[in-house]
Amino acid sequence: MLEAARAAGKGEAMARLAEDYPRGPHDQPQSMCPAFGSLRVGLRMRRVATILSGSACCVYGLTFTSHFYGARRSVGYVPFNSETLVTGKLFEDIRDAVHQTANPDEHDAVVVINLCVPTASGVPLELLPKTIGGVRVIGIDVPGFGVPTHAEAKDVLAGAMLRTARLEAEAGPVARPREMQEGLRGVSLIGELFPADPPGIAALLAPLGLSLAPQLPAREWRDLYGALDSVVAAAVHPFYVATVREFRAAGRPVVGSAPVGVEGTAAWLEAIAGAAGVEAARLDDAKARALPAIRAALAANPIQARVTVSGYEGSELLVARLLIEAGAEVPYVGTACPRTDWSAADRDWLAARGAHVQYRASLEQDMAAMKEVRPDLALGTTPLVQKAKELGIPALYFTNMVSARPLFGPAGAASLAGIVAAQTRGRERFARMVSFFDGVGTPDGAGYGFRERPVDPPGFRERQRKLRAAKAKAEEAVGT
Ligand code: SF4
């Protein structure tokens, strides 16, 4: 499909995706459809309509998932068949849909997302009008064969929107952000954070004389201008390559890592103060206010356990830092996201404490690490958690359990350390469950409707064994 997309005129778009979101070791998404990341960013914005162009089965899955996560918004869809795809009628249908949707009374922007098949077929969203009656039209290609994770797909849309907003701001006056306060120097956080985290970070920044600028991905179009107006952008989630590119083009310094744990918070406050030109006395004050509270929260929730961390959210390294500061042994951290400059400090910190950091970790690598180190608790993706439970290892789903609570400052230290400490106490219970369910659901006994244990057809296994042996022999013979 990648070749098809290039041949159909998408070479430049594919090259840009390959540069921003490098592959390896796996080159296909191992979690949900990556387009969900872009769809979610669009659906969370006020006065933004989002339209999908793709196969009906993909759109069904994406729509289902978006409503499962509480979209409360219609997802637009332009269907196609082989004829409308090959004749170019699909593009005309998309253009008609965009014209119908672009009502300036209701929308600031209309987003159109090309999924796998329209991207591979070269449906040229770049030929859509840039604005219709003042409503921006943002067309993006987010194919599974070009964007490795749904996390990075958030950046595809966030970056495209920020670029449009930056060009608008450079061209002349723009709308004032809703909650903008004159004279405040803001820090724009990059990443979808747990809702309690931004206020917590604002409290850490206040002694520096800094406030929070609107966050990226934004919740409203005019917030994009507010984000660009910040004095520093903080790449809390380190995979927003296109978004960072736009901040840099706007002349904003970008700081990596995040205020996590005692050492992480101290280093982050120093980096922010340095980038924003804050005087040393204010920095000392900010540290004196924040660090003792974090230290106390960690001391109140000590973790004495071996924990492996894997996920696709982009915050895995930060979570691992916090766990280690709380006393955990973390031998392995796997993230589906790629290596970037903005997680370099976290990577070095973890490596210095004996953790192996695996970027673009595949599910197979995460599983192998878990089997090898036999942790007291595995934090990971759904299939990893399932495997851990089969092995009697307590496990927590990263997205729903870890990403759904604060991570930064004193609140993060108390919350995460608390849940990990509680889960690791359940190991003995897991061992009992494994022995109770021993054999249930394993191949020979699986399935509905059997009264007795299913019997293999006579001779079936032996025939299959011989076939495999013959195939292996034939393959060996090639080239000899
Ligand atoms: S085929 Fe492509 S667009 Fe459809 S669900 Fe899979 S990755 Fe997503």
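Within an unreviewed UniProt entry, the label attached to the chain reads Chlorophyllide a reductase subunit Y, and the organism entered is Neoroseomonas marina. Word for word, the UniProt comment on the chain under Pathway (unreviewed entry) is "Porphyrin-containing compound metabolism; bacteriochlorophyll biosynthesis."

*Asks:* Help me understand helix 13 (residues 316-325), please; the structure alone is not making it clear to me.
*Replies:* The buried count for helix 13 comes to 10 of 10 residues, which makes it a mostly enclosed element. Among all positions in helix 13, only E316, L317, L318, V319, A320, R321, L322, L323, I324 and E325 are buried. Two residues or fewer after helix 13 comes G327, characterised by a positive phi angle close to 110°.

*Asks:* So what exactly am I meant to see when it comes to the UniProt feature "domain: Nitrogenase/oxidoreductase component" (unreviewed entry) in the chain here?
*Replies:* Within this structure's numbering, the places UniProt gives as "domain: Nitrogenase/oxidoreductase component" (unreviewed entry) are residues 33-418. Between the first and last C-alpha atoms of residues 33-418 the distance is 32 Å; the span itself is 48% helix and 17% strand.

*Asks:* Sorry, what's going on with the sheet that holds strand 1 (residues 48-53) here?
*Replies:* Paired through backbone hydrogen bonds, the strands of a sheet run either parallel or antiparallel to each other. Strand order across the open sheet formed by five strands is 2-1-3-5-4, with mixed pairing between neighbours. The open sheet has two free edges, formed respectively by strand 2 (76-77) and strand 4 (131-132), since each of these has just one partner strand. By the bridge criterion, two bridges tie strand 1 to strand 2 in an arrangement that is parallel. Bridged to I51 within strand 2 is G76. Across the sheet, helix 2 (residues 35-43) lies against strand 1, strand 3 (109-114) and strand 5 (135-141), angled at about 155° from strand 1, the strand it touches most.

*Asks:* It is not clear to me how the nonpolar core should be interpreted in this structure. Could you clarify?
*Replies:* Formed by 143 residues in total, the largest nonpolar core has its most connected members in V110, A234, I272, V319, A320 and L323. Apart from the residues within four sequence positions on either side, V319 is in contact with V309, L379, V402, L407 and L416.

*Asks:* What is the right way to read the site of the ligand from this model?
*Replies:* In the vicinity of the ligand, the contacting residues are C33, A35, G54, S55, C58, G61, L115, C116, P143 and G144. Tallied by class, residues from the shell around the ligand come to six nonpolar, four polar and no charged.

*Asks:* Just to check I follow, could you spell out the domain arrangement of the chain for this structure?
*Replies:* The accessible area lost on association of the parts is a frequent measure of interface size. Looking at the assigned domains, one finds that the chain contains domain 1 (2-148), domain 2 (185-294) and domain 3 (301-434). A straight line from the C-alpha centre of domain 1 to that of domain 3 covers 33 Å. Contact residues are listed per partner, giving seven residues for domain 1 and seven residues for domain 3. Its residues placed into classes, the side of domain 1 that touches domain 3 shows three nonpolar, four polar and no charged.

Criteria and thresholds
Residues numbered from 1 in each chain as written. Predicted model: local features only at pLDDT ≥ 70, side-chain atom pairs only at ≥ 80, totals over all residues. UniProt positions renumbered as here; feature names shortened; annotations may be inferred. Buried ≥ 20, exposed ≤ 12 C-beta atoms within 10 Å, placed from the backbone. Helix = DSSP H or I, 4+ residues; strand = E, 2+ residues; numbered from the N terminus. Pairing = 2+ DSSP bridges. Contact = placed C-beta atoms within 7 Å. Axes fitted to C-alpha atoms, helices over the stretch in contact; angles between N-to-C directions. Core = buried A, V, L, I, M, F, W, Y, C linked by C-beta atoms within 7 Å. Near = placed C-beta within 6 Å. Nonpolar A, V, L, I, M, F, W, Y, C, P; charged D, E, K, R; others polar. Domains from an automatic or database assignment.

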